[in-house]
Amino acid sequence: MLHTSHELMGCIAAAKMYLTDNGPIPALSATDFALCPGETAAIVGPSGCGKSTLLLLMAGLEQPTSGHLLFKGEPLRRPHREIALVLQDYGLFPWKSVRDNVELGLKIRNEPIEEDRTNELLTELDIGEKGSVYPQQLSGGQKQRVALARALILKPSLLLLDEPFAALDTLTRERLQDLVADLWGKLGFGMVVVTHNIQEAVRLGRRILVMGGTPGKVLETVENPLGCTENYRGTDIFYEMYKQVRGLLEQNG
Ligand SMILES: Nc1ncnc2c1ncn2[C@@H]1O[C@H](COP(=O)(O)OP(=O)(O)OP(=O)(O)O)[C@@H](O)[C@H]1O
């Protein structure tokens, strides 16, 4: 694998074994992966094949048992201020308003809070009128918009999404995929999304990593150059890509 100075994120032969009271659990085989700035990738595969583990490594939240992690050419040993992670369960604080939830990361970092920027982002995410309400007053889709705003306000160069829309109904899910694709087009962050949903992978990942096995490994990589492109869903090429990825999952399942 070629590692260039343009590389945003890299795993070099990164393997992960979790050490538990019941013994070691091999989660990920030696994995090579490189993402350049502004690239997007999706990771699909059966439950337990190490998708989230790979994402946690990329986030700097776990360290590999062997191999290396790089972010912008430097070893990644802990969470990095330019890497944002959004999870399925939103992770919002119920006692904080939407605005306070969104601005939390800035406060923790002691960075200035610009009210206009928060308003702009909330509007962009279509929750402009929700700044003063509390998470329990929001739908699942709105909560996930808040979680996205909280990540994006930090201006990440790498956005990691772990099953971000799994709890949402199909149409809400598709609307949020479109929103993320749109924001990616405007803001140009690198993005990796872990998902069980093949359509989501095809909609968002310009490269699709099909994982499988125990411990997990990347079995196939599919190039999907139209990922994140407007109006891609519903086209013949989208459907062909969906069938290809589905076939690979079936073949390896
Ligand atoms: N913190 C942990 N401690 C011990 N074992 C873990 C831990 N996290 C994950 N594992 C194990 O590592 C393996 C890979 O888990 P991982 O969550 O990465 O898979 P996944 O593909 O994301 O699964 P799913 O699709 O169900 O979320 C599994 O066997 C899992 O039980």
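As the structure is a computational prediction, the values presented were derived from the model and not from experiment. (Residues numbered from 1 in each chain as written. Predicted model: local features only at pLDDT ≥ 70, side-chain atom pairs only at ≥ 80, totals over all residues.)

Taken in spatial order, the 4 strands make up an open sheet running E2-E1-E4-E5, and their pairing is antiparallel. With partners counted over all chains shown, the strands left at the sheet margins are strand E2 (23–35) and strand E5 (74–75), one partner each. Relative to the sheet, helix H1 (residues 51–58) contacts strand E1 (9–20), E2 and strand E4 (66–71), its axis offset from that of E1 by approximately 120°. (Pairing = 2+ DSSP bridges. Helix = DSSP H or I, 4+ residues; strand = E, 2+ residues; numbered from the N terminus. Contact = placed C-beta atoms within 7 Å. Axes fitted to C-alpha atoms, helices over the stretch in contact; angles between N-to-C directions.)

What follows is about the site of the ligand. Around the ligand sit Tyr 18, Thr 20, Ile 25, Ala 27, Gly 45, Ser 47, Gly 48, Cys 49, Gly 50, Lys 51, Ser 52 and Thr 53, and those are all the residues in its vicinity. Ranked by the residues each element gives to the shell around the ligand, the list is headed by H1, at 3 residues. Taken together, the residues of the shell around the ligand sort by class into 4 nonpolar, 7 polar and 1 charged. (Near = placed C-beta within 6 Å. Nonpolar A, V, L, I, M, F, W, Y, C, P; charged D, E, K, R; others polar.)

Right, let's talk about the domain arrangement of the protein chain for a bit. Annotation of the protein chain at the domain level lists domain 1 (9–82 + 157–251) and domain 2 (92–155). The distance between the C-alpha centroids of domain 1 and domain 2 comes to 25 Å. Per-element accounting of the side of domain 1 that touches domain 2 gives the leading share, 4 residues, to helix H5 (residues 170–187). Taken together, the residues that form the side of domain 1 that touches domain 2 break down as 8 nonpolar, 1 polar and 1 charged. (Domains from an automatic or database assignment.)

What follows covers unusual backbone geometry. Only a minority of non-glycine residues have a phi that is not negative, and only a minority of peptide bonds are not trans. For the bond running from Thr 214 to Pro 215, omega is -5°, close enough to zero to count as cis. Within the secondary structure, Pro 215 is located in the loop between strand E9 (207–212) and strand E10 (217–223). Not every positive phi belongs to a glycine, and Lys 155 is a case in point at roughly 50°. Here Lys 155 is to be found in the loop between helix H4 (140–152) and strand E7 (158–162). Its 13 C-beta neighbours within 10 Å are what place Lys 155 among the partly exposed residues. (Buried ≥ 20, exposed ≤ 12 C-beta atoms within 10 Å, placed from the backbone.)

This part takes up the sheet that holds strand E8 (residues 190–194). Taken in spatial order, the 6 strands make up an open sheet running E6-E7-E8-E3-E9-E10, and their pairing is mixed. Of all strands in the sheet, those bounded by a partner on one side alone are strand E6 (83–87) and E10. In this sheet, neighbouring strand axes are inclined to one another by 15° on average, regardless of whether the strands run parallel or antiparallel. Looking at chain direction, E9 and E10 are connected through 6 bridges and run antiparallel. When the sheet's bridge partners are listed, Val 210 is paired in E10 with Glu 220.

The nonpolar side chains of a soluble globular protein tend to be buried, and buried together. Ranked by internal contacts, the top residues of the largest apolar core, which has 67 residues, are Ile 43, Val 44, Leu 160, Val 192 and Val 245. Here this core takes 6 residues from H4, the largest share from any one element. When residues of this core are assigned to domains, at least three fall in each of domain 1 (9–82 + 157–251) and domain 2 (92–155). Here Val 192 is in contact with Leu 35, Ala 41, Ile 43, Leu 55, Met 58 and Leu 160, once residues within four sequence places are set aside. (Core = buried A, V, L, I, M, F, W, Y, C linked by C-beta atoms within 7 Å.)

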